[in-house]
Each structure stands twice: as structure tokens, then as C-alpha cells.
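Okay, here's what each chain looks like letter by letter:
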Amino acid sequence: GGLRIQQELVNAGDTVRRGQVLARLNSAGVQADLDLVRAQLAEAEATLAQAEATLERSQRLAAEGGVSRQDLAQQQTQQRVAQARVQAARAQLASQQLRLTYTTLVAPDDGIVSARNAAEGAIVQSGAELFRLIRKGRLEWRAEVKGEQLLGLEPGARVTVRHPDGSRIQGVLRQVSASIDAASRNGIAYVDLPASARLKAGLYLGGAFELGERMALTLPRN
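Residues numbered from 1 in each chain as written. Predicted model: local features only at pLDDT ≥ 70, side-chain atom pairs only at ≥ 80, totals over all residues. Heavy atoms only, no water.

Participant: What is the right way to look at the overall build of the chain in this model?
Facilitator: Scanning the chain from N- to C-terminus turns up three helices and eleven strands. In summary, the chain has a C-alpha radius of gyration of 32 Å against a globular reference of 17 Å for 222 residues, an excess of more than 25%. When the backbone C-alpha atoms are referred to their principal axes, the chain occupies close to 120 × 40 × 35 Å. The buried share of the chain, taken over its 222 residues, is 28%. (Helix = DSSP H or I, 4+ residues; strand = E, 2+ residues; numbered from the N terminus. Rg over C-alpha atoms; globule rule 2.2 N^0.38 Å. Buried < 20%, exposed > 50% of the residue type's maximum accessible area, 1.4 Å probe, protein only.)

This is the structure in C-alpha cells:
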């Protein structure tokens with residue numbers, strides 16, 4: 001959050017691959033913070049090296065009675081403090097390096113960009129949606145079904161969906177909602193559709209669920 005969009009590389013409708021760069025944020029400020037932390041780490045490591053050398057020398061002198069126990073304990077404390085500062089600086093360095101990676105936005109998976117909600121020059125707010133991706137180009141039909149009919153549907157059932165052009169699309173029931181809407185008394189059946197169905201997100205569709213097959217006796221009309 002708080003960084004400006006420097007470059008956008010995809011538009012709505014583009015097909016992208018996993019790891020493909022979608023946009024870049026201005027990383028100058030993050031890079032400056034990273035350089036500062038690196039300098040602080042180098043300073044902390046130099047202080048630790050000096051403290052360890054002083055402690056080592058004092059330990060040799062203490063064996064001969066040349067350094068008091070109080071001075072030796074103080075130098076041991078200084079060495080531990082210097083070591084802790086090095087560890088803190090390394091943690092800050094890792095944090096800044098992670099922030100730098102966030103300035104490059106990449107696609108989490110193959111898919112189709114269905115929406116782009118920011119433009120170059122805009123300042124990004126933390127948690128804001130910049131892109132929307134249809135993962136692997138997959139769509140689903142969310143069919144509203146009466147609650148009592150929803151009870152008869154089982155995942156894996158075959159579904160025939162009517163395309164707006166009049167053709168038929170074969171889908172598979174993936175799951176049904178765990179609850180029924182109190183107002184409409186309808187539930188949702190989630191049907192996976194093939195990527196080749198030539199559909200767009202947001203369309204209204206109708207269809208039929210196959211509830212199973214059984215043997216039956218029939219009579220001719222005449």
C-alpha cells in the first residue's frame with residue numbers, strides 16, 4: 001500500500017500465464033529503505049566483530065588475572081547485545097526484500113484477465129483489487145434451484161446448459177450450497193463448464209440436471 005503504479009502490462013480480456021508480470025509499482029522508496037537496512041546490517045556486523053574480538057582478548061587476560069570478573073561480564077553482555085542487533089538487522093533486511101518483491105505483480109495462475117481496476121499513476125491502497133483473473137479460463141454456472149429439488153442433486157451429475165445461441169453445453173455438477181436462502185427458498189448448484197463453451201462471466205443461463213436413469217415400461221401411441 002502507498003506505492004504508485006508505474007507500469008501496467010495487461011488489459012482486461014488478455015490471456016496470461018502463471019508468473020507473468022501484470023504490473024509494476026514504483027520501487028524507488030522501497031529500494032532506498034533496503035539500501036539503508038543493508039548499511040545498518042553492515043554496521044551491526046562490524047560492531048559484533050569488534051565486541052567478539054574484545055571479549056576474546058579479555059578472556060585470555062582474565063585467565064591470568066588481568067581483567068576483573070565485572071569487566072568480563074560487561075564485555076560478554078556487549079557481545080550478546082551486538083549479536084542481537086545483527087539478528088534484528090537481518091530480519092529487517094528480509095522484510096524489505098519481501099516488500100521489494102511486492103512491487104512486481106504477477107499472475108498466480110494461467111487464466112484470462114476479466115477486470116483491471118487501476119491505472120498507471122494511481123496510488124495503490126493496501127488490500128485493493130487491481131486485477132481479476134478467471135483462473136485457467138474456467139467458468140461455472142451458478143444455478144438457482146428450489147430447496148426441495150436441491151436435495152435430489154448429487155455432485156457428479158451431468159448437466160445440459162442452454163447457450164444463448166441455442167446450442168447445448170454439457171457440464172458437471174461440482175457441488176451444491178450448504179444452505180437455502182430464507183427469502184427466495186432457493187439454493188445454488190455449482191456446475192463446471194468447459195473452457196471451450198464460448199461464454200462470458202455474468203451471462204444468465206438456463207439448463208437441466210440429469211437426475212439418473214431407470215428402466216420403465218412404455219406403450220405405443222397407436
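Participant: Help me understand the layout of surface pockets, please; the structure alone is not making it clear to me.
Facilitator: Take a probe with the size of a water molecule and roll it over the atoms, and the empty space left behind shows itself. By volume, the largest pocket amounts to about 570 Å³. Forming the walls of the largest pocket are 22 residues, and the residues nearest its centre are Glu140, Trp141, Arg142, Gly202 and Leu203. Elements that contribute at least two residues to the lining of the largest pocket include exactly β6 (131-135), β7 (139-146), β10 (186-193) and β11 (206-209). One number sums up the size of the second largest pocket: a volume of about 320 Å³. For the second largest pocket, the lining is made up of 15 residues, of which Gly1, Leu25, Tyr102, Leu105 and Val124 are closest to its centre. Top element by residues in the lining of the second largest pocket is strand β4 (residues 104-106). It accounts for three residues. Here the residues of the lining of the second largest pocket sort into eight nonpolar, five polar and two charged. (1 Å grid on protein atoms, 1.4 Å probe; cavity = no way out; pocket = protein on both sides within 12 Å on 5 of 7 lines; lining within 4 Å. Points joined across faces, edges and corners; volume = space filled by probe spheres on them. Nonpolar A, V, L, I, M, F, W, Y, C, P; charged D, E, K, R; others polar.)

Participant: What am I meant to see in the packing of aromatic side chains here?
Facilitator: Ring pairs (aromatic) are described by centroid distance and by the angle formed between their planes. Here the structure, examined in full by the defined rule, presents one aromatic pair. On the basis of an interplanar angle of 15° and a centroid distance of 5.8 Å, the ring pair of Trp141 and Phe209 is categorised as stacked. Of the two residues, Trp141 is situated in strand β7 and Phe209 in strand β11; the sequence distance between them amounts to 68 residues. Given the relative accessible area of 10%, Trp141 is considered buried. (Phe/Tyr/Trp six-rings, centres within 6.5 Å; stacked < 30°, edge-to-face > 60°.)

Participant: Help me understand the sheet that holds β10 in this model?
Facilitator: Adjacent strands of a sheet form backbone hydrogen bonds with each other and so pair up, either parallel or antiparallel. What the five strands build is an open sheet, ordered β7-β10-β9-β8-β11; its pairing is antiparallel. The sheet terminates laterally at β7 and β11, the two strands that pair on one side only. Direction aside, the axes of adjacent strands within the sheet are offset by 40° on average. Across four bridges, the pairing between strand β8 (residues 158-162) and β11 is antiparallel. Across the sheet, the residue bridging to Thr160 is Ala208, located in β11. (Pairing = 2+ DSSP bridges. Axes fitted to C-alpha atoms, helices over the stretch in contact; angles between N-to-C directions.)

Participant: What's the story with the side chain of Gln79 in this structure? I'm lost.
Facilitator: Looking at the secondary structure, you find Gln79 in helix α2 (residues 69-101). Residues in contact with Gln79, not counting those within four places in the same chain, are Leu48, Ala51, Glu52 and Leu55. (Contact = heavy atoms within 4.5 Å.)

Participant: Explain the sheet that holds strand β1 (residues 5-8) here, please?
Facilitator: Taken in spatial order, the three strands make up an open sheet running β1-β3-β4, and their pairing is antiparallel. On the outer flanks of this sheet lie β1 and β4, each paired with one strand and no other. Strand-to-strand twist of the sheet, defined as the mean angle between neighbouring strand axes without regard to direction, takes the value 20°. Where strand β3 (residues 21-25) meets β4, three bridges bridge the pair, whose relative direction is antiparallel. By the bridge assignment for β4, Val21 is matched with Val106.

Participant: Help me out: how do you make sense of the environment of Ser27 in this one?
Facilitator: Inspection of the secondary structure assignment puts Ser27 in the loop between β3 and α1 (28-63). Between the C-alpha atom of Ser27 and that of Leu100, which follows or precedes it by 73 residues, the distance is 6.7 Å. Once residues within four sequence positions are removed from consideration, Ser27 is found in contact with Leu100 and Thr103.

Participant: Sorry, what's going on with α2 here?
Facilitator: Each full turn of the α-helix corresponds to 3.6 residues, which orients residues three or four apart in the same direction. Look at α2: 49 Å from first C-alpha to last across 33 residues, which is about the 48 Å you get at 1.5 Å a residue. Leu72, Gln75, Gln79, Ala82, Val86, Ala89, Leu93 and Gln96 are the residues of α2 that are buried. On its buried face, α2 sits against α1. (Expected span 1.5 Å × (residues − 1).)

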